[in-house]
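Given next are the chains, with one letter for each unit.
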Amino acid sequence: MAGSLHSIKKTKRMLRVLLLILVIISLIYVMFPIVWMFVTSIKSNSEIFAVPQTFIPRQGTTEAYNTVFHSSTRLRFFLNSFIVSSAVTIATLVVSILAGYAFSRYEFPGKKLVNMFVINTQAVPPIALMIPFFGMIVALKIYDTLWALILTSMVFTLPYGILMMTGYFNSIPKALDEAVKVDGGGPFRICWQFLVPISLPGIVATGVYTFIMTWNEYLYALTLTKSTEMRTVPVGIQLLMGEHAYVWNEMMAMSVLGSIPVLLIFLCCQKYFLAGMTAGAVKS
Amino acid sequence: MSENVNTSLIKRKKISFVPYWFILPAVILLIVLMLYPIITVIYYSFMDKVITVKESHFVGFKNYKTILADPVFWISVKNTLVYTIISVFFHMIIGLAFALLLNTDLIPSFLKGLLRVCFIMPWVLTVTIVAILWRLILNPDGILNYILSNMGLMSTKIAWLSEVKTAMPSLIFINIWSGYPYFMVTILAALQGIPKDYYEAATIDGCNGFEKFIYITLPQLKPVMLSIIMLDLIWTMRVFALVWSTTGGGPITATEVLGSYIYKKAYNILDFSTASAASVIILLMSIVLSIFYVKAQKVRED
């Protein structure tokens, strides 16, 4: 009896050691590139490919960050990304809340059709719309403006937002609406004064996900803008690559700075973010 | 009582067009941004010299014939498939492994929280940032070659992203690194939804850890796994940004994928007509995949 207990303890300890090794290997695999990005951003450019390679910079320097902060072109990339992502997030939320309310609270002819359409748009690859969008945006005379990006980004954030909001509203019992109705509230009041406050977690999750989706959008930002002043962070960073192919520390500094907004949102709203991320697959 | 029913009936009839007002903005936006462009791209695919020239003519299936006769198109189809299938497979394996790791009782929970944040990190980075970061790491003078040669594993420097043999495997490796967290997070959520008493019952029946995994965990995960595999296939097939900001489809056509193929047709040689035909083909492929996805979802619901 005592012997078997001893052996159980032993295998448990072995399992722990094995697990620890696994965790360390996984962490190196996942985190090394990210750490390397940061390390490179605080190296001087001459140290980056110098042999022997250094894992801790011989002389840490913020020179690369200074360059970025003193360049209005570079700051402009961030400003553009912020404007586009915020506008798309607000517009997506408003339209999705309205549509989600109708889908969740009403039965009406054509509901199934619209719903099918919303679901299926998610399968359309962005590249398939690239050419018609180009024609459309040029015809609307908003080529090379942020409006072009705000409008086109919504094509993928909207279906997602509508499905998310419908799901959230569905989880709130309809009986609760009746209380507002008894008070003499119309459908708009039910939606705005009752459902919206109560669904705040769902709205935050949808908003966070929409913001990040838009922040990362690349294809339309590349094809629907042309001038450097209209570029967003993902395209701007790539432009930097073309111009200064060898200023690695500066590009890594841009990458670190470009990741910070998304990282902050992720860390602050982790719960909501994960809810948004898994909504597509876990909820049905 | 009956009066009450009557008024509510009248009310219901009176407000029956209310939902249409609520969905109106969404419907208008989706028609303008989705339906109209899809019709346009199909229309373009049957015309010649669209966008570049004012007057274009109906040419039937000519653009499709041009595309289907282009060997580069078939190379890009093959590359897209190889890239997608291998990536999704490893997303699944690594995602599952990490999810299981984060779900064991053997790791203290504060450490698990930290690990979870770390493990999601790659997914938070924008594709172009991922691309630049790996261009630095995989540079001939970069850290990977340095480590490999110091360990005695390599004698000559490899230009990972610009050699025909290594370019595609490198891209797949990068995509695996940045794409597994979606699987991990979703599988972890599903794991936490498996009732604990299933495992307790199995313990009483004398099952070991491995048997529990095969007979309880995997079958319970199967529906979720199926639907995220389909989703990931749809997403990974869209690859463009990663290729475009690392190899540009090269060297030669080693990493040409459908996305970069269409982009080049449209913006490098300004042949929007054949690019439209290729777009319609990729659209059809996605629709087929999404039909499978909807089927997988239905299976889950039943």
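Every value quoted in this text rests on a predicted model; they were computed, and no experiment measured them. Every chain is numbered independently, its residues counted from 1 as its sequence is written. Here the convention is simple: chains get letters from A, ligands get numbers from 1, in the order in which they are written. In view of the model being predicted, local features appear only for residues whose pLDDT reaches at least 70, and side-chain atom pairs are presented and counted only at 80 or more, with totals across whole chains, interfaces and linings using the full set of residues.

Caption draft 1: Representation of the overall build of chain A. Each helix is a run of DSSP H or I of at least 4 residues and each strand a run of E of at least 2, with the numbering of both proceeding from the N terminus. Of regular secondary structure, chain A possesses 13 helices and zero strands. In terms of overall dimensions, chain A is more spread out than a globule: its C-alpha atoms have a radius of gyration of 25 Å, far above the 19 Å expected for 284 residues. For chain A, the C-alpha atoms occupy an extent of roughly 80 × 75 × 35 Å along the three principal directions. Our contact criterion uses C-beta atoms placed from the backbone: two residues qualify when those atoms are within 7 Å. Here the analysis covers contacts within chain A between residues at least 6 apart in sequence; of these, 77% occur between residues at least 24 apart. Every radius of gyration here is taken over C-alpha atoms, with the globule rule written as 2.2 Å times N^0.38, N being the number of residues.

Caption draft 2: Here's a closer look at the overall build of chain B. Along its length, chain B carries 13 helices and zero strands. Each helix and strand of chain B, placed in order from N terminus to C terminus, yields the pattern α-α-α-α-α-α-α-α-α-α-α-α-α. What you see for chain B is a C-alpha radius of gyration of 26 Å, clearly larger than the 19 Å of a compact globule of 302 residues, by over 25%. Reported as C-alpha extents along the three principal axes, the dimensions of chain B are approximately 75 × 70 × 30 Å. In this scheme every C-beta is placed from the backbone, and a residue whose C-beta has 20 or more other C-beta atoms within 10 Å is buried, one with 12 or fewer is exposed, and one in between is partly exposed. Per-residue burial over chain B gives 42% buried out of 302 residues. When contacts within chain B are restricted to residue pairs at least 6 apart in sequence, long-range pairs at least 24 apart make up 70% of them.

Caption draft 3: How the structure looks around the domain arrangement of chain A. Residue and element names in this part refer to chain A. In this entry, domain limits derive from an automatic or database-based domain assignment. Its domain assignment divides chain A into domain 1 (2–41) and domain 2 (72–279). Distance between the C-alpha centres of domain 1 and domain 2: 38 Å. Taken together, the four residues of domain 1 in the interface contact six residues of domain 2.

Caption draft 4: Examining the interface of chain A and chain B more closely. Taken together, the contacts link 71 residues of chain A with 73 residues of chain B. Broken down by element, the side of chain A that touches chain B gets its largest block of residues, 14 residues, from helix α1 (residues 2–41) of chain A. The classification used treats Ala, Val, Leu, Ile, Met, Phe, Trp, Tyr, Cys and Pro as nonpolar, Asp, Glu, Lys and Arg as charged, and all other residues, Gly among them, as polar. Looking at the side of chain A that touches chain B residue by residue, the class counts come to 54 nonpolar, 16 polar and one charged.

Caption draft 5: Examining the UniProt feature "domain: ABC transmembrane type-1" (unreviewed entry) in chain B more closely. UniProt positions are given in the numbering used here, feature names are shortened, and annotations may be inferred rather than shown by experiment. Following the UniProt record, one finds the feature "domain: ABC transmembrane type-1" (unreviewed entry) at residues 77–293 of chain B. Helix and strand shares over residues 77–293 of chain B are 76% and 0% respectively, and the end C-alpha atoms of the span are 21 Å apart.

Caption draft 6: Looking closely at the UniProt feature "transmembrane region" (unreviewed entry) in chain B. Residue and element names in this part refer to chain B. Sequence positions flagged by UniProt for "transmembrane region" (unreviewed entry) are, in local numbering, residues 20–46, 81–102, 114–137, 143–160, 172–194, 214–235, 242–263 and 275–294. Its end C-alpha atoms 12 Å apart, residues 143–160 is made of 44% helix and 0% strand. As annotated, residues 275–294 has a helix share of 100% and a strand share of 0%, and its two end C-alpha atoms lie 28 Å apart.

Caption draft 7: Representation of the nonpolar core in the model. The term nonpolar core refers to a group of buried residues, namely Ala, Val, Leu, Ile, Met, Phe, Trp, Tyr and Cys, whose C-beta atoms join them within 7 Å. Among the nonpolar cores identified, the biggest contains 157 residues, and A99(A), V130(B), M184(B), I187(B) and L242(B) are the most heavily contacted of them. Ranked by residue count, the leading element in this core is helix α6 (residues 146–170) of chain A, at 15 residues. Counting residues domain by domain, this core receives three or more from each of domain 1 (2–41) and domain 2 (72–279) of chain A.

Caption draft 8: Fine view of the UniProt feature "transmembrane region" (unreviewed entry) in chain A. Residue and element names in this part refer to chain A. The feature "transmembrane region" (unreviewed entry), as given by UniProt, occupies residues 17–39, 77–101, 113–140, 146–169, 190–212 and 251–274 in the numbering adopted here. With 100% helix and 0% strand, residues 146–169 has its two end C-alpha atoms placed 32 Å apart. The span residues 190–212 is 96% helical and 0% strand by assignment, and the distance between its end C-alpha atoms comes to 29 Å.

Caption draft 9: Looking closely at helix α7 (residues 143–150) of chain B. Of the residues making up α7(B), those classed as buried are I143(B), L144(B) and N145(B). Following α7(B) by one or two positions, G152(B) adopts a phi angle in the positive range, close to 80°.

Caption draft 10: Representation of the confidence of the model for chain B. Residue and element names in this part refer to chain B. Per-residue confidence for chain B gives a mean pLDDT of 87; residues scoring 70 or more make up 94%. In predicted models, pLDDT denotes the confidence assigned by the predictor to each residue on a 0 to 100 scale. Per-element confidence in chain B is highest for helix α4 (residues 71–103), whose mean pLDDT is 95, and lowest for helix α1 (residues 2–14), whose mean pLDDT is 49. In the predicted complex, the global pTM is 0.88; the interface-specific ipTM is 0.87.

Caption draft 11: Structural detail: the environment of L200(A). Turning to its location among the elements, L200(A) is positioned in helix α9 (residues 200–215). Sequence-wise, L200(A) and Y168(A) are 32 residues apart; in three dimensions their C-alpha atoms are separated by 9.6 Å.

Caption draft 12: Spatial organisation of α6(A). Here α6(A) is 25 residues long and its end C-alpha atoms lie 35 Å apart, about the 36 Å a rise of 1.5 Å per residue gives. Of all the 25 residues making up α6(A), 21 are buried; the element is thus mostly covered by neighbouring parts of the structure. To estimate the expected span of a helix, count its residues, drop one, and scale the result by 1.5 Å.

Caption draft 13: Local environment of the packing of helix α3 (residues 72–105) of chain A against α9(A). Residues and elements named next belong to chain A. One can describe the packing of α3 onto α9 by two numbers: an axis separation of 9 Å at closest approach and a directional angle of 140°. By the criterion of interaxial angle, the relationship of α3 to α9 is oblique. By crossing handedness, the relation of α3 to α9 is classed as right-handed. Contacts between α3 and α9 involve S81, V84, S85, V88, T89, T92, L93 and S96 from the former and I203, T206, G207, T210, F211, T214 and W215 from the latter. Every axis corresponds to a line fitted to the C-alpha atoms, with the helix fit spanning only the stretch in contact, and the corresponding angles, defined between N-to-C directions, vary from 0 to 180 degrees. Relative orientations are named as follows: roughly parallel for angles under 35 degrees, roughly antiparallel for angles over 145 degrees, roughly perpendicular for angles from 65 to 115 degrees, and oblique for any other angle. A clockwise turn of the near helix away from the far one marks a right-handed crossing, whereas an anticlockwise turn of less than a right angle marks a left-handed crossing.

Caption draft 14: Region of the structure containing the environment of R238(B). Relative to the helices and strands, R238(B) resides in the loop between α10 (209–236) and α11 (241–244). For R238(B), a count of 20 C-beta atoms within 10 Å translates into the label buried. Sequence spacing of R238(B) and L106(B) is 132 residues, and the spatial spacing of their C-alpha atoms is 39 Å. Beyond its immediate sequence surroundings of up to four residues, R238(B) is in contact with P125(A), P126(A), I127(A) and G259(B).

Caption draft 15: Expanded view of the environment of T126(B). With respect to the element layout, T126(B) can be found in the loop between α5 (109–124) and α6 (127–137). The exposure class assigned to T126(B) is buried, which follows from the 24 C-beta atoms found within 10 Å. Along the primary structure T126(B) and S178(B) are separated by 52 residues, whereas in three dimensions their C-alpha atoms are 9.5 Å apart. Not counting chain neighbours up to four residues away, the residues in contact with T126(B) comprise N216(A), V233(A), P234(A) and G258(A).

Caption draft 16: Highlighting unusual backbone geometry. Across the junction of G250(B) and P251(B), the peptide omega takes the value -10°, indicating a cis bond. Considering the arrangement of structural elements, one finds P251(B) in the loop between α11 and α12 (258–268). Backbone geometry places D144(A), a non-glycine residue, at a positive phi of 65°. If you trace the backbone, D144(A) turns up in the loop between α5 (126–139) and α6. Taking the C-beta count within 10 Å as the criterion, D144(A) has 15 such neighbours and is therefore assigned partly exposed. Here I252(B), not a glycine, exhibits a phi torsion of approximately 55°, which is positive. Counting through the fold element by element, I252(B) comes out in the loop between α11 and α12.

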